[in-house]
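Residues per chain are reported as follows:
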Amino acid sequence: QKEVEQNSGPLSVPEGAIASLNCTYSDRGSQSFFWYRQYSGKSPELIMFIYSNGDKEDGRFTAQLNKASQYVSLLIRDSQPSDSATYLCAVTMLLGAGGTSYGKLTFGQGTILTVHP
Amino acid sequence: NAGVTQTPKFRILKIGQSMTLQCTQDMNHNYMYWYRQDPGMGLKLIYYSVGAGITDKGEVPNGYNVSRSTTEDFPLRLELAAPSQTSVYFCASSYGERGEQYFGPGTRLTVT
């Protein structure tokens, strides 16, 4: 089982619709959860982060976390053509010990979203 | 705030050549990371640093070296370039080990 799995794409939605992106993770010790957007040829851009169970809203974006089900989702309301990109789910686990512990950020394979006019 | 900056943007190397990819952040983040992303693939961690003078290996460290003499800078060194190192390299930084990571614009490296 992959450490972080995203729903297979590509996902195509009409402009103005809600896009729903899903992600599951295998390690119950995971502590932080992120959604990145990556346009072709560009670097990942952080759009949402969530640490606690429940929903977190920021503008048109809502992240949902359910630790019991090991599930993270991202909803994009009123989707725009400019939202067309690859969306990466990323999960942090703490590794190492003492002064050299670090947050291992594991990425899913990404879901390609296309919003068509 | 420039965030995380990387130079160069593009580079072509011949097999066996060496180079240093530069990474600088101005957010006073203590954690810094180097990733590579191959076409159609996810991001793989090469090296990370938890502060000046402290670095450690990630998932794919072979063929690379790093140093961290200041909080701001985290250069990645390729000693003997190989075609397998053709990739896009991203530097990232975060405040704390749980914190969200912010990425630089990337360096696209081709080894021929």
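Residues numbered from 1 in each chain as written. Chains lettered and ligands numbered in written order. Predicted model: local features only at pLDDT ≥ 70, side-chain atom pairs only at ≥ 80, totals over all residues. Heavy atoms only, no water.

*Asks:* Looking at this structure, I do not really get the overall build of chain B. What am I missing?
*Replies:* What chain B contains, in helices and strands, is zero helices and eleven strands. Going from N to C terminus, chain B has its helices and strands arranged as β-β-β-β-β-β-β-β-β-β-β. For chain B, whose C-alpha radius of gyration is 13 Å, the value lies close to the compact-globule estimate of 13 Å for 112 residues. By its C-alpha atoms, chain B is 35 × 25 × 25 Å across when sized along the principal axes. When each of the 112 residues of chain B is scored for burial, the buried share is 46%. Of the contacts formed within chain B by residues at least 6 apart in sequence, a portion of 55% connects residues at least 24 apart. Only carbon and sulfur atoms are counted for the fraction: they give 51% of the accessible area of chain B, which is about 5,200 Å². Distance between charge centres in chain B, computed from 10 positive and 9 negative side chains, equals 10 Å. (Helix = DSSP H or I, 4+ residues; strand = E, 2+ residues; numbered from the N terminus. Rg over C-alpha atoms; globule rule 2.2 N^0.38 Å. Buried < 20%, exposed > 50% of the residue type's maximum accessible area, 1.4 Å probe, protein only. Contact = heavy atoms within 4.5 Å. Areas by Shrake-Rupley, 256 points an atom, 1.4 Å probe, with all protein chains shown as cover. Lys, Arg positive; Asp, Glu negative; His and termini not counted. Charge placed at Lys NZ, Arg CZ, Asp CG, Glu CD.)

*Asks:* So what exactly am I meant to see when it comes to the pairing of strand β8 (residues 71–76) of chain A here?
*Replies:* For a regular strand, the rule is simple: side chains alternate between the two faces of the sheet. All names here are of chain A. Where strand β3 (residues 19–25) meets β8, six bridges bridge the pair, whose relative direction is antiparallel. What sits directly across from A19, in β8, is I76. Pairing analysis gives six bridges linking strand β7 (residues 61–66) to β8, with the strands arranged antiparallel. Following the sheet pairing, A63 is matched in β8 by L74. Linking β7 to β8, which pair antiparallel, is a turn of four residues; within it Q70 sits at a positive phi near 55°. (Pairing = 2+ DSSP bridges.)

*Asks:* Quick question: what am I supposed to make of the packing of aromatic side chains here?
*Replies:* Each aromatic ring pair is described using two quantities: the centre-to-centre distance and the angle formed by the ring planes. Tallying each qualifying case throughout the model produces 13 aromatic pairs over all chains. Ring geometry for A:F107 and B:Y35: centres 6.1 Å apart, planes at 90°, overall edge-to-face. One end of the pair, A:F107, is in strand β10 (residues 102–107); the other, B:Y35, is in strand β4 (residues 31–37), on a second chain. Side by side, A:F107 and B:Y35 carry an identical accessibility label, which is buried. (Phe/Tyr/Trp six-rings, centres within 6.5 Å; stacked < 30°, edge-to-face > 60°.)

*Asks:* Can you walk me through the state of the cysteines in this structure?
*Replies:* Residue and element names in this part refer to chain A. One pass over the structure, following the stated rule, counts two disulfides over all chains. Residue pairing for C23: its cysteine sulfur links by disulfide to C89, the two sulfurs lying 2.1 Å apart. One quick way to see it: the torsion about the S-S bond of C23 and C89 is about -75°, and its sign makes the bridge left-handed. Of this pair, C23 sits in strand β3 while C89 sits in strand β9 (residues 85–95), placing them 66 residues apart in sequence. Here C23 and C89 have matching classes, each one buried. (Disulfide = S-S within 2.5 Å.)

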